[in-house]
Amino acid sequence: MNILILGGGGREHALAWAIRQNPKCDRLIVAPGNPGIADVAECADLDILSRSDVCDFAQENAIDLVVIGPEAPLAAGVADALRAAGLLVFGPSQAAAQLEASKGFTKEICDACAAPTAAWARFSDASAARDYVTRLGAPIVVKADGLAAGKGVVVAETVGQAHEAIEMIFDGAFGDAGAEVVIEEFMEGEEASFFVLSDGVNCLPIGTAQDHKRVGEGDTGPNTGGMGAYSPAPVLSDAIQAQVMDQIIRPTVAEMAARGTPFQGVLYAGLMIQNGQARLVEYNVRFGDPECQVLMIRLGAQALDLIHACAEGRLNEVTVNWADDHALTVVMATQGYPGSYPKGSAIRGLDDLPEDSFQMVFHAGTTEKDGGIIATGGRVLAATGRGDSLAEARERAYALVEGIDWPEGFHRRDIGWRAL
Ligand code: AMP
Ligand code: GLY
């Protein structure tokens, strides 16, 4: 099988690394890829937001399956264009990608299928939004409706902060993504992520994870795209997973199908768990980054069989071959992230590290220069370990971190603290 993966981050490195191990994978191309991905696949320069460029490239290279990593090409309808051209795709249509691209849309779906989530309201003008917040009081959550690179959510501790967030969004801080504001009840509890493949009809859970969004140790400081993650998430017991499948995932998939916009791809449910019950915080329509790194090191080669079955609409024919294992990933970022940071610092020592099914450094924001690797992103590497226990996985991940010589980088030393 010839496979094309769209994307070039740590998530796509993990996908490529797992897919490459499957003997069914012949040619593997990743666009744009990165220097780590280049070890397991061909990298191609391609505008992955251009429907026509992606379709032409896939046809010219006799691609049998396209796996779409990030949300931007999904929201831009790249999956629709590929399907219209007769190609097999893993990833939702533009209409189904609304589950991530519009917070209000997701809330409507939850209401339509009675999925438990925070009480909410949607506004297109600031004064009505302010009145609503004043009436409900704080804490309260203010969200830009559209895609805002993970920055469009303000958990307001006071009514004043909520009013400021409303002004900021309607003043255009997120452009069109802020044309509408969703205001939600603040939910207390512990957050965890649940990943489910859906082919539009069938649903197959493929793992749980928890991430560390804050930049600082002890979960302090500003939010980031994620400074580390581990899988499984102990808080998502079998009973809670069953509740989530019954009350949230299957009803959502059925509702999307009933609307004529079936969801095909990976549904990444962000959940809030309190008193043994989960409520939906949000959906993403793609793998998380760095959650994908811990899922892929656990799934290994079978990831391709699952993704392929999902794309072909036969998830009912496959099962996950679970190992009783744990994985943990530590993100190494450039000092300054998530604020501004310099580019171009040298990273040494990568070549001497072990790379096997227990230890793997996935590349995110790296570039090759003069035969060496330099950092060109905020989040740069994901040092990932797997083991029989979370403690063992953590030991392996941090052993990798210790072997990397990069004075301009930093990482959190406490990834996994909650579960350990
Ligand atoms: P989202 O982009 O919707 O995932 O929101 C980002 C983060 O904000 C979530 O991971 C939660 O930590 C927090 N958050 C979002 N909505 C709520 C809510 N209704 N109650 C409590 N926390 C929330
Ligand atoms: N790590 C969070 C995300 O990928 O959205």
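Let me sum up the structure you'll find in this document. Since this is a predicted model, take the numbers as computed values, not measurements.

**Concerning the site of ligand 2**
Lining the immediate environment of ligand 2, one finds Asp211, Gly225, Tyr268, Arg286, Gly288, Asp289, Pro290 and Glu291. Within the side chain of aspartate 211, one N or O atom sits 3.5 Å away from a nitrogen atom of ligand 2. Glycine 225 is positioned with one of its backbone polar atoms (N or O) 2.9 Å from a nitrogen atom of ligand 2. With the chains in place, 82% of the 200 Å² that ligand 2 exposes on its own is no longer accessible. By residue class, the composition of the shell around ligand 2 is two nonpolar, two polar and four charged.

**Quick notes on the site of ligand 1**
Neighbouring residues of ligand 1: 15 residues in total, closest Glu184, Met187, Glu191, Lys213 and Glu282. At a separation of 3.0 Å, a nitrogen atom of ligand 1 approaches a polar side-chain atom of lysine 143. Here glutamate 185 contributes a backbone N or O atom positioned 2.9 Å from a nitrogen atom of ligand 1. Sorting the residues of the shell around ligand 1 by element identifies strand S7 (140–144), strand S8 (153–156), strand S9 (181–185) and strand S16 (277–284) as the ones contributing at least two each. Residues belonging to the shell around ligand 1 are distributed by class as follows: eight nonpolar, no polar and seven charged.

**Regarding the packing of aromatic side chains**
Aromatic ring pairs are defined here through the distance separating the ring centres and the angle between the ring planes. One pass over the full model with this rule turns up five aromatic pairs. Seen from their ring centres, phenylalanine 123 and tyrosine 132 are 5.2 Å apart, and the 55° between their planes marks the pair as tilted. What makes phenylalanine 123 buried here is its relative accessible area of 12%. The buried category is assigned to tyrosine 132, whose relative accessible area is 13%. Geometrically, the ring pair formed by phenylalanine 195 and phenylalanine 287 is stacked, given 6.4 Å between the ring centres and 25° between the ring planes. Separated by 92 residues along the polypeptide, phenylalanine 195 in strand S10 (residues 190–199) and phenylalanine 287 in the loop between S16 and helix H10 (291–299) bring together distant segments of the chain. Just as phenylalanine 195 is buried, phenylalanine 287 falls in that class too. A network of ring pairs unites the aromatic residues Phe90, Phe195, Tyr268 and Phe287 as a single cluster.

Rules behind the numbers
Residues numbered from 1 in each chain as written. Chains lettered and ligands numbered in written order. Predicted model: local features only at pLDDT ≥ 70, side-chain atom pairs only at ≥ 80, totals over all residues. Heavy atoms only, no water. Near = heavy atom within 4 Å. Polar contact = N/O pair within 3.5 Å; in protein donor to acceptor, adjacent residues only side chain to side chain. Areas by Shrake-Rupley, 256 points an atom, 1.4 Å probe, with all protein chains shown as cover. Nonpolar A, V, L, I, M, F, W, Y, C, P; charged D, E, K, R; others polar. Helix = DSSP H or I, 4+ residues; strand = E, 2+ residues; numbered from the N terminus. Phe/Tyr/Trp six-rings, centres within 6.5 Å; stacked < 30°, edge-to-face > 60°. Buried < 20%, exposed > 50% of the residue type's maximum accessible area, 1.4 Å probe, protein only.

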